[in-house]
Amino acid sequence: MNSQYTVAKFGGTSVADYPAMHRCAQIINDDSQVRVVVVSASAGVTNHLVTLTQQKADEAQRQQLVQAVIDIQNAILAQLSLDADLAQGFEQTLVEFKSLAALPALSAQQCDEMLSFGERLSSYLFTQVLRNLGLNADRFDVRTVLKTDNRFGKASPDIEATAKAAQQRLVPLLDDKVLVTQGFIGSDVYGQTTTLGRGGSDYSAALLAEAIHAKSVHIWTDVVGIFSTDPRLCVKASPIARLSFDEAAEMATFGAKVLHPATILPASRSGIAVFVGSSRDPQAGGTWIEREKSTAPGIRAVTQRKNQILLTLKSPEMLLASGFLARIFTILSAHNISVDLVTTSEISVAITLDNAQNASRPELEQACLDELSEFCHVTVENNLTLVALIGSEIQLKQHEMNLMKVLSEFNIRLICHGASKHNLCFLVEQSHSDHVVQSIHEKLLESA
Ligand code: ADP
Ligand code: ASP
Ligand code: MG
């Protein structure tokens, strides 16, 4: 049975400065069902922290980066006076941050510790902003409940352990308090800090909602919902009022940055409604994502994911042979490479791999290519973008003429359709992909 509680998540731009935090606090003040508040690091902070973890930063650069992070906090603190409990925790966190930043090189675990400071600091400040509005708010360290494995940089949650810890430690506090906690971070079985991957605060909010059996998750960001494509790319992109879990999951997986790719998993698993709206303009409405409500068939959005690799494996031995694909996938799996799309012909296989900055897999290693080259001819193409048309019951015939006309203008490298009724995707050269998306949006979505 789900409770009546709502988990509200505020992204980086929503907690970028004091006025932004104040707007978010008003949203919470206006909705008494919000009991868990998940905050991101203030905009720009995680990028600085990432640079701090990179070994190329020298002593002087490290000091500059530390100062840049502190300046962002200080600009907010200039408008606030922290209560003693918050001030003490905040100061202590700054001390830990500076001492870690003084080290010239960090282990993978220390890198995650470093990345955690953005959310840890912003959550102190945001708690005070809520208290100043008269709310009974406390800061809560999410690492005591959000349990993960120890794949630093891209940890996977332990759903059962998280639910158990949240029921014990978090739920009893919710009756009369609003708890402000951190997105993006968690801890492993030894209590070491981990992170869920860039943009992971959306995922944290959905995981916490599942763990406390919340009724809904509200993702407050800088756009008034999920659009037919990235509104930064197409001025005529329009917000979508309702999406099914499947459609939203596909949009997130195929590159709509507005949601971390894994956000919808816990929500759909546990039947928790997800709302996406703008913290700048909460009255403007947004997108509701819920269990499938007989959505009309057709294309609803177009997304893109850059930095894809296309691997083509060719071998005459494949003709009428068995075990060829199994051999390829065994090698890829041994190298921990997860495959995105696959198409095959009689003597060749084409496979796409996600090489985006935060892809969960390592880059394609030479050792893997060498093993594959022992029994087939291997070609690797980089700098490709995966463009995806997302919708429900997509059937080529409905859009055949238009789509083929649009696509014929571009050099399409691979098309995949059929495995899911919710997408049709293809690869194009990265240098053209913005134009491809704009063109598809104009021809297939603006006339609809
Ligand atoms: P936050 O910091 O709140 O998590 P993000 O920057 O991660 O916000 O995500 C919001 C951004 O996602 C928007 O500013 C927009 O440019 C981008 N975006 C990409 N695709 C879409 C889409 N289909 N609908 C809405 N926003 C999108
Ligand atoms: N602060 C983290 C990031 O910038 C997580 C998030 O904002 O969702 O990636
Ligand atoms: Mg985000």
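Below you will find a few notes about this structure. (Residues numbered from 1 in each chain as written. Chains lettered and ligands numbered in written order. Predicted model: local features only at pLDDT ≥ 70, side-chain atom pairs only at ≥ 80, totals over all residues. Heavy atoms only, no water.)

As enumerated under the stated definition, the model contains six aromatic pairs in all. Between Phe-275 and Trp-288, the aromatic rings sit 5.1 Å apart at their centres with planes inclined by 50 degrees, giving tilted as the arrangement. You can see Phe-275 sitting in strand S9 (residues 273-278) and its partner Trp-288 sitting in strand S10 (residues 286-290), a full 13 residues away along the chain. Owing to a relative accessible area of 7%, Phe-275 belongs among the buried residues under this scheme. Here Trp-288 falls in the partly exposed class, since its relative accessible area comes to 29%. Here the basic side chain of Arg-139 rests over the ring of Tyr-124, its NZ or CZ set 3.7 Å away from the ring centre. The ring of Phe-375 is capped by Arg-327, whose NZ or CZ atom sits 4.0 Å from the centre of that ring. (Phe/Tyr/Trp six-rings, centres within 6.5 Å; stacked < 30°, edge-to-face > 60°. Helix = DSSP H or I, 4+ residues; strand = E, 2+ residues; numbered from the N terminus. Buried < 20%, exposed > 50% of the residue type's maximum accessible area, 1.4 Å probe, protein only. Lys NZ or Arg CZ within 6 Å of the ring centre and 35° of its normal.)

Let us look at the site of ligand 1. Not every one of the 17 residues close to ligand 1 is listed here, only the nearest: Thr-221, Asp-222, Asp-230, Arg-232 and Lys-257. Here an oxygen atom of ligand 1 and a side-chain polar atom of Thr-221 are 2.7 Å apart. At 2.8 Å from an oxygen atom of ligand 1 is found a side-chain nitrogen or oxygen belonging to Asp-230. Taken by itself ligand 1 offers 570 Å² of open surface, and the protein chains cover 90% of this. (Near = heavy atom within 4 Å. Polar contact = N/O pair within 3.5 Å; in protein donor to acceptor, adjacent residues only side chain to side chain. Areas by Shrake-Rupley, 256 points an atom, 1.4 Å probe, with all protein chains shown as cover.)

What follows is about the site of ligand 2. In the neighbourhood of ligand 2, the contacting residues comprise Ser-40, Ala-41, Thr-46, Glu-119, Phe-184, Arg-198, Gly-199, Gly-200 and Ser-201. Here a nitrogen atom of ligand 2 sits 2.8 Å away from a polar atom, N or O, in the side chain of Thr-46. Separating an oxygen atom of ligand 2 from a backbone N or O atom of Gly-200 is a distance of 3.4 Å. Within the complex, the protein chains bury 86% of what would otherwise be the 260 Å² of accessible surface of ligand 2.

Turning next to the sheet that holds strand S11 (residues 298-314). The strands making up a sheet are joined through hydrogen bonds of the backbone, oriented either antiparallel or parallel. The antiparallel open sheet is built from six strands, whose spatial order is S12-S13-S11-S14-S16-S15. The open sheet has two edge strands, strand S12 (342-344) and strand S15 (414-417), and neither has a second partner. Pairs of neighbouring strands in the sheet enclose a mean axial angle of 30 degrees, with direction left out of account. In terms of strand pairing, S12 meets strand S13 (residues 348-354) through three bridges, oriented antiparallel. Paired with Thr-344 across the strands is Val-349, a residue of S13. Packing against the sheet, helix H8 (residues 245-253) makes contact with S11, strand S14 (377-392) and strand S16 (423-429), and its axis sits at approximately 145 degrees to S14. (Pairing = 2+ DSSP bridges. Axes fitted to C-alpha atoms, helices over the stretch in contact; angles between N-to-C directions. Contact = heavy atoms within 4.5 Å.)

This part covers the nonpolar core. Among the nonpolar cores identified, the biggest contains 103 residues, and Phe-97, Phe-126 and Ile-289 are the most heavily contacted of them. The element contributing the most residues to this core is helix H5 (residues 108-132), with ten residues. Apart from residues lying up to four places away in sequence, Phe-97 is in contact with Leu-49, Leu-52, Val-66, Val-69, Ile-70, Met-114 and Phe-117. (Core = buried A, V, L, I, M, F, W, Y, C linked by side-chain atoms within 4.5 Å.)

Helix H7 (residues 201-211) sits mainly inside the fold: eleven of its eleven residues count as buried. Buried within H7 are the following residues: Ser-201, Asp-202, Tyr-203, Ser-204, Ala-205, Ala-206, Leu-207, Leu-208, Ala-209, Glu-210 and Ala-211.

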